[in-house]
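# Breakdown of the fold
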Amino acid sequence: MTVAGTVAQALIRAARSDRGIRAIEHDGRPLSLSYAALLDDALQIAGALVSRGLKPGDRVALVIPEISGFIRAFFGISAAGLVPVPLCPPAQAGDVATFAKQSQHILDASHARAVVTSSAVAPLLDLTGLDRLTVLALDASSDATPLAEPIRRSMDDVALLQFTSGSTAAPKGVVLTHANLYANVAGIVGPHGLGARTTDIGVSWLPLYHDMGLIGMLLAAMYARLDTIIMSPVLFLKRPSSWLETISRYKATVSFAPNFAYELCVRRVKPSQIEGFDLASWRLAGCGAEPIRADTLRAFASHFAAAGFDRSSFVPSYGLAEHALAVCFAQRLVIDTVDADRLVRQSIAVPSVNGSRRVVRLVACGRPFPHHELRIVDEDGRSLPDRHVGAIVCRGPSVMQGYFENPSATAEALRGGWLATGDLGYLADGQLFVCGRTKDLIIRQGRKYHPPDLEAAIAELPGLRTSGIVVFAIDHLDEADEVVAVLEARASAASHDIEDQVRRRVRETAGLELDRVVVTPPGSIPRTTSGKVRRSETRERFRMGTLSE
Amino acid sequence: MPVPTATPSDPSDRFERDTIDILKRISRRPIDPKLESELLADLGFDSLQVLELVGELEDHFAIAVPLNDLTHIKTLAQVVAEVRSLVSAQEHQS
């Protein structure tokens, strides 16, 4: 269904079909964008960019809240042979200050030469120290001559610079070539992925500035020349029923979302609304981007059975931005019920026999795509046998080139061609089961948080007299992680509202709700000889209740 | 379309009262919102709940909140002011 080519070449091919994208904005306003019209728009925007002196390979940031505007600008940047760097728009970033800071970090780290935005967003950007940046408001009239055809790029040229987290002062940009994007898209729509059909219709509300919405829906649909409806994430978050209503209205067959979205639907879609939906057409209900909870899938299936939702439609999946997007898709829903104690203590996933005291239900995520490899390894990089938990490593054409201008982070992630995913899992009957993380990354509602950023934010609290701060998540396997902040402070120095202040600080700067704030006496946080806090040891001591001993 | 019900003595109360009711319903813990309360910092809302609030307000008052307005709203007073101005713009049109 897909033909190898750069993003612009794929758009040219898609433009010969009668297919396209229907954009639904945050207020519900729909707009049809045929691939043919998108190509025309892309050449127009590319003309404007080229006329401003931008050269192939230059990075161009892209921050547009409107779905239609984002898509047109993305293809325009690609057609000009430039590298799009998507940014989170202001409404999703939180407040204006957070947005300005996040964007500035990424504009700076990517050495972007231009930013394509809208006239409403442009004034919110903080461009201090970014004098050489060209700002192009997409909705401002352009008298530039359209390009006759896209600027030619090779498959090994960089196609996308995807930043994984904007909350940090040193954000990491994942460098992906056209070959990386194509390899992943081909895997996604191919027979070992979704097994897409020419009659498939996709629906997505996933943010386009993230890999799952951008590569998984927009680019996959465009390469495969499928009709797709792309809704504003804001519309979904305001009214989760709008997602299901759209699937129902357009008789869509494919739609993906993180676990939390399925949970949100169970919680917020009323039984009276369900009666109006027909979800029988939805044959591939993808779930990924964060740990998948068997209980969530079960609750969703039973909540929406009355609307014709079929439990066998679930497609649990696993992936990460460093692997373009997807690593594997399950072909059917398989749940492994294993002994929780042996999983935690011995790192072995033993199927529970009747009478096991504590069990964990893990969801199978399938097998790697053709030409891609996946292994489970121990700390020395040796492959582990089936059902032994270890680090998930991947190799193949979807693996990123590295982190942009960050050789040390790249060397840590890419070892001998293998990508260290930072996730833990095991294989059973060839299927991957994901069950934790080796990195300290905290994942909430599909968003990733780096503990050092949260610790730095807390440390900046005025008047806080602390000798150490550690933030970590405790992985509860089949329920939501618990995020804990440990602060070292003398009892006399710890004002009574220190907990409130810390929570408030983390909420304001990162939009994350801490589950526990613990104040311990100085000297309780374990440290390295050079005085750096040992995060995982702190977590272990906290779990065992031995932190302040 | 919003239907003006039996004219309340002070119409501004309706916006404040209904918004507070919706806030309390959405919150995952008991809250006592004041006009100066900040949604994120004081009431413990996350960005998801803020959008849930916007959705509920849009349905309740039959309004559409412009995307860019969201980034400027921090306190309950600002929410109520936004709702009031959108409803009155709406009534002027009809």
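What counts, and at which threshold
- As a convention, each chain's residues are numbered from 1 in the sequence order in which they are written.
- Chain letters and ligand numbers both follow the written order, the letters beginning at A and the numbers at 1.
- Where local features are concerned, this predicted model is filtered to residues with pLDDT of at least 70; where side-chain atom pairs are given and counted, the filter is 80 or more; whole-chain, interface and lining totals use all residues.
- Nonpolar cores are identified as sets of buried Ala, Val, Leu, Ile, Met, Phe, Trp, Tyr and Cys residues joined via C-beta atoms within 7 Å.
- Each residue is classed by its C-beta neighbour count within 10 Å, where at least 20 other C-beta atoms makes it buried, 12 or fewer makes it exposed, and intermediate counts make it partly exposed; the C-beta atoms are placed from backbone geometry.
- For every domain, the bounds stem from an assignment made automatically or drawn from a database.
- Any pair of residues counts as being in contact when their C-beta atoms, constructed from backbone geometry, are within 7 Å of one another.
- We count a stretch as a helix when DSSP gives it H or I for four or more residues in a row; a strand needs E for two or more, and each element gets its number in order from the N terminus.
- Following the grouping adopted for this structure description, the nonpolar residues are Ala, Val, Leu, Ile, Met, Phe, Trp, Tyr, Cys and Pro, the charged ones are Asp, Glu, Lys and Arg, and the polar ones are all others, Gly among them.
- Two strands qualify as a pair provided that DSSP identifies no fewer than 2 bridges between them.
- All axes here are fitted lines through C-alpha atoms, helices being fitted over the stretch that makes contact, and every angle between N-to-C directions spans 0 to 180 degrees.
- Should an angle lie under 35 degrees it is considered roughly parallel, over 145 roughly antiparallel, and from 65 to 115 roughly perpendicular; all remaining angles are considered oblique.
- Each crossing gets its handedness from the near helix: less than a right angle anticlockwise from the far helix is left-handed, clockwise is right-handed.

### Re the nonpolar core
All names here are of chain A. The biggest cluster of nonpolar side chains holds 175 residues, and the ones touching the most others in it are Leu11, Leu49, Val60 and Leu62. If you count residues domain by domain, this core takes at least three from each of domain 1 (7-232) and domain 2 (334-437). In contact with Val60, other than residues within four places in its own chain, are Leu49, Leu54, Ile77, Leu82, Val83, Pro84, Val85, Ala112, Arg113, Ala114, Val115 and Val116. By size, the runner-up hydrophobic cluster in this structure holds 20 residues, among which are Ile442, Val470, Val486 and Leu512.

### Let's talk about the interface of chain A and chain B
On the chain B side, the residues contacting the 20 residues of chain A number 18 residues. Those elements that place two or more of their residues in the side of chain A that touches chain B are helix 4 (90-93), helix 5 (96-109), helix 8 (233-238) and helix 16 (498-510) of chain A. Taken together, the residues of the side of chain A that touches chain B sort by class into 8 nonpolar, 4 polar and 8 charged.

### Focus on the pairing of strand 18 (residues 373-377) of chain A
Residues and elements named next belong to chain A. Side-chain alternation along strand 18 places Leu374 and Ile376 on a buried face and Glu373, Arg375 and Val377 on a face that remains uncovered. Pairing analysis gives 5 bridges linking strand 18 to strand 19 (residues 390-395), with the strands arranged antiparallel. Pairing of Leu374 across the sheet is with Cys394, part of strand 19.

### Quick word on the domain arrangement of chain A
Splitting chain A by domain gives domain 1 (7-232), domain 2 (334-437) and domain 3 (442-544). Between the C-alpha centres of domain 1 of chain A and domain 3 of chain A there is a distance of 36 Å.

### Here's the deal with the packing of helix 2 (residues 35-51) of chain A against helix 3 (residues 67-79) of chain A
Residues and elements named next belong to chain A. Close contact between helix 2 and helix 3 brings their axes to 7 Å; oriented N to C, the two are set at 60°. Here helix 2 is positioned oblique relative to helix 3, judged by the angle of their axes. Between helix 2 and helix 3 lies a crossing whose hand is right-handed. Taking contact as the criterion, the partners of Leu38, Asp41, Ala42, Leu43, Ile45, Ala46 and Leu49 in helix 2 are, on helix 3, Ile71, Arg72, Ala73, Phe75, Gly76, Ile77 and Ala79. Residue composition of the contact of helix 2 with helix 3, by class: 11 nonpolar, 1 polar and 2 charged.

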